[in-house]
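Take a look at the letters that make up each chain.
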Amino acid sequence: MLSSIGVPGLILILIIALVVFGPSKLPEIGKAFGSSLKEFKKATGDIMSDDETSKAEKKNKE
């Protein structure tokens with residue numbers, strides 16, 4: 001996803017975010033984004049492990 005944006009596009013997005021939110025809000029926004037991403041990855045991992053567990057149980061019953 002981010003590979004199609006490229007470095008110039010990423011720099012432009014960061015400059016626009018700096019202008020819109022200001023330098024004092026950017027660390028808070030980054031922290032919130034990071035924690036949201038961490039929770040999403042955790043939930044995805046839990047779903048994947050639950051799916052693998054249920055597949056293994058089905059295979060053992062057969």
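Look up: the structure comes first, before these words.
Given the structure is predicted, the values throughout are model-derived calculations rather than measurements. (Residues numbered from 1 in each chain as written. Predicted model: local features only at pLDDT ≥ 70, side-chain atom pairs only at ≥ 80, totals over all residues. Heavy atoms only, no water.)

## A closer look at the overall build of the chain
Looking only at helices and strands, one finds two helices and zero strands in the chain. Taking 11 Å as the expected radius of gyration for a compact globule of 62 residues, we find that the chain reaches 19 Å, considerably beyond that expectation. When its C-alpha atoms are laid out on the principal axes, the chain stretches across 60 × 25 × 10 Å. Evaluated residue by residue, the chain yields a buried proportion of 3% over its 62 residues. Summed over all atoms, the accessible surface of the chain reaches about 5800 Å², with 68% contributed by carbon and sulfur. Each charge class in the chain was averaged separately, 9 positive and 8 negative side chains, and the resulting centres sit 4 Å apart. (Helix = DSSP H or I, 4+ residues; strand = E, 2+ residues; numbered from the N terminus. Rg over C-alpha atoms; globule rule 2.2 N^0.38 Å. Buried < 20%, exposed > 50% of the residue type's maximum accessible area, 1.4 Å probe, protein only. Areas by Shrake-Rupley, 256 points an atom, 1.4 Å probe, with all protein chains shown as cover. Lys, Arg positive; Asp, Glu negative; His and termini not counted. Charge placed at Lys NZ, Arg CZ, Asp CG, Glu CD.)

## Regarding a nonpolar patch on the surface
Nonpolar side chains collect at one region of the surface, where Leu-12, Ile-16, Val-20, Phe-21 and Ile-29 lie side by side and expose about 470 Å² of accessible area between them. The element contributing the most residues to the nonpolar patch is helix α1 (residues 6-21), with four residues. (Patch = residues over 30% accessible without salt bridge, like charges linked within 9 Å, V, L, I, M, F, W, Y side chains within 5 Å. Salt bridge = Lys/Arg side-chain N within 4 Å of Asp/Glu carboxyl O.)

## As for α1
Residues that lie three or four places apart on an α-helix share one face, since the helix turns once every 3.6 residues. Spanning 16 residues, α1 covers 22 Å between terminal C-alpha atoms, matching the ideal 22 Å at 1.5 Å per step. Directly after α1, the chain includes Gly-22, whose backbone phi takes a positive value near 85°. (Expected span 1.5 Å × (residues − 1).)

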